[in-house]
Amino acid sequence: MRFGRLAIDRSTARSRPRARIRRVRARTAVVTTVCAVCALTACGAPGPAAPTAPTSTSAAAPGLPSYAVAAQEKITAAMKANVIPGAVVRISSPTQGDWTATFGTGTIGRDDPITVDDHIRAGSITKTMTSTVILQLVQEGKLSLDDPIGKYRSGVPNGERITIAQLAEMRSGLYSYTFDPSFNRTLDDDPGKAWTPDELLATAFTHPPDAEPGTTFEYSNTNIVLLGLVIEQLTGEPLEKAFAERILTPLGMTQTSLPVRTDATIPAPHPQGYSFGTNVSTMQTYALPADQQAAALAGTLQPNETDANPSWAWAAGGAISTVPDLFTYVQALVGGRLLDAATQKVRMDSIQPTDPAHPDAGGYGIGIAKFGPLLGHDGQIPGFMTFTGQDPATGLTITIGTNLATVPSGEGSALTLLKAILPVFYPNLQAPPGNPAAVPNR
């Protein structure tokens, strides 16, 4: 997805400004596995040598769920094959038990183990939070999903015909500002820029709509920026405060926040984030050219360190979180703890195939995506990728966080790991689920 990757995290979407940064790591180098301690070595050595996947001794550890060894082997192999520096994975199976494991390094070329408490940019998972607050406001009678966005915001192309629901479902037809060439050049040249929502919308509205409202699915960050402004208008408070009061505090998500637009920092501890290419070079596709893919897999082409200001993503992808917090969040998102029963049903019933010709490939609704049997969202943003999802039929929950946006082939790194481990739980799954938050290449 043009930023967001399931998330969704181009979630979420385009991603990727970059800048060299100073490393911030206030932590002990502890590698944790819930249910058993599992030592995983950091990957990589100084210099351009190809990174090696983390090794593990958890197979010998007592008390692990039956799926843990197979899942760990697949994660380790996928990380090695796709040069993913580090990852945190948390899985809960009501019938087989819970497991959390960390893999690899927070800094390429260093023995700097990823830890469970690492903060990462959540990318397009932020979209689900924005849409959740919108649904809460619907519950409170402060707006209707059938309201046109023109009721709240002037100057929106087709604003009198695009509904609040169509914005949340990615069916507005509005151009996503993240595809604008000038916008991407600015992200590359001035990654520290603090963007305002008005600047983002002004960029989007220099382009005509891509489609008539309600006619097609097209992932667009413009939609969610508009919804963020509606929330601020109706609540009378900044979006970050609305998130805290309505979602984060009630769920006890103490390590999650939406930073103000001038704050480009990530709380410690956190890994270094990495991305291949530049915003301009990946504007049409995240896949590297064939020769660069080969060099990246051989270790002679290293990804860029990234530390861009996420204000360009704001309501569509600016949140910071941890894997444990995102795990808590998706259980509430899918389980209905954030909405009343009637409104939760509206959300679930809103999920439609993103490609009517392939209804099993993926689905999207009001700030929620369907990946095969899992409901949730992913998030891709410069330096990081996340996925969090739950199977409502079985309760299986999977949350993944990595410190690489996309792998050399162009797929989001967290989705690469998700697809590797799904067969452990769904051996009859015919094909890996598509990414409903992906945007067609232009």
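Here, the structure is the one placed above.
Residues numbered from 1 in each chain as written. Predicted model: local features only at pLDDT ≥ 70, side-chain atom pairs only at ≥ 80, totals over all residues. Heavy atoms only, no water.

K.L.:
Just checking my understanding: could you explain the environment of Asp146 for this structure?
P.N.:
Mapped onto the elements of the fold, Asp146 is located in the loop between helix H2 (125–139) and helix H3 (164–168). Its relative accessible area of 63% is what places Asp146 among the exposed residues. Separated by 19 residues in sequence, Asp146 and Ala165 have C-alpha atoms that sit 6.4 Å apart. (Helix = DSSP H or I, 4+ residues; strand = E, 2+ residues; numbered from the N terminus. Buried < 20%, exposed > 50% of the residue type's maximum accessible area, 1.4 Å probe, protein only.)

K.L.:
What am I meant to see in H2 here?
P.N.:
Because an α-helix packs 3.6 residues into every turn, residues spaced three or four apart end up facing the same way. Here H2 contains 15 residues, and its C-alpha end-to-end distance of 22 Å stays within 8% of the 21 Å for a straight helix at 1.5 Å per residue. Within H2, 13 of the 15 residues are buried, leaving the element largely enclosed by the surrounding structure. Gly141 sits one or two positions beyond H2 and adopts a positive phi of about 75°. (Expected span 1.5 Å × (residues − 1).)

K.L.:
So what exactly am I meant to see when it comes to the pattern of salt bridges here?
P.N.:
Close approach of charged atoms allows side chains of opposite charge to pair. Counted under the stated rule, the structure contains nine salt bridges. Across the salt bridge formed by Arg153 and Asp198, the nearest N and O atoms sit 2.6 Å from each other. With a gap of 45 residues between them, Arg153 in the loop between H2 and H3 and Asp198 in helix H5 (residues 197–204) connect regions that are remote in the sequence. Across the salt bridge formed by Glu411 and Lys419, the nearest N and O atoms sit 2.7 Å from each other. A relative accessible area of 24% means that Glu411 is categorised as partly exposed. A residue is classified by how much of its surface remains accessible, and Lys419, at 26% relative accessible area, is partly exposed. Several salt bridges share partner residues, and in doing so they unite Glu140, Lys142 and Arg246 into one network. (Salt bridge = Lys/Arg side-chain N within 4 Å of Asp/Glu carboxyl O.)

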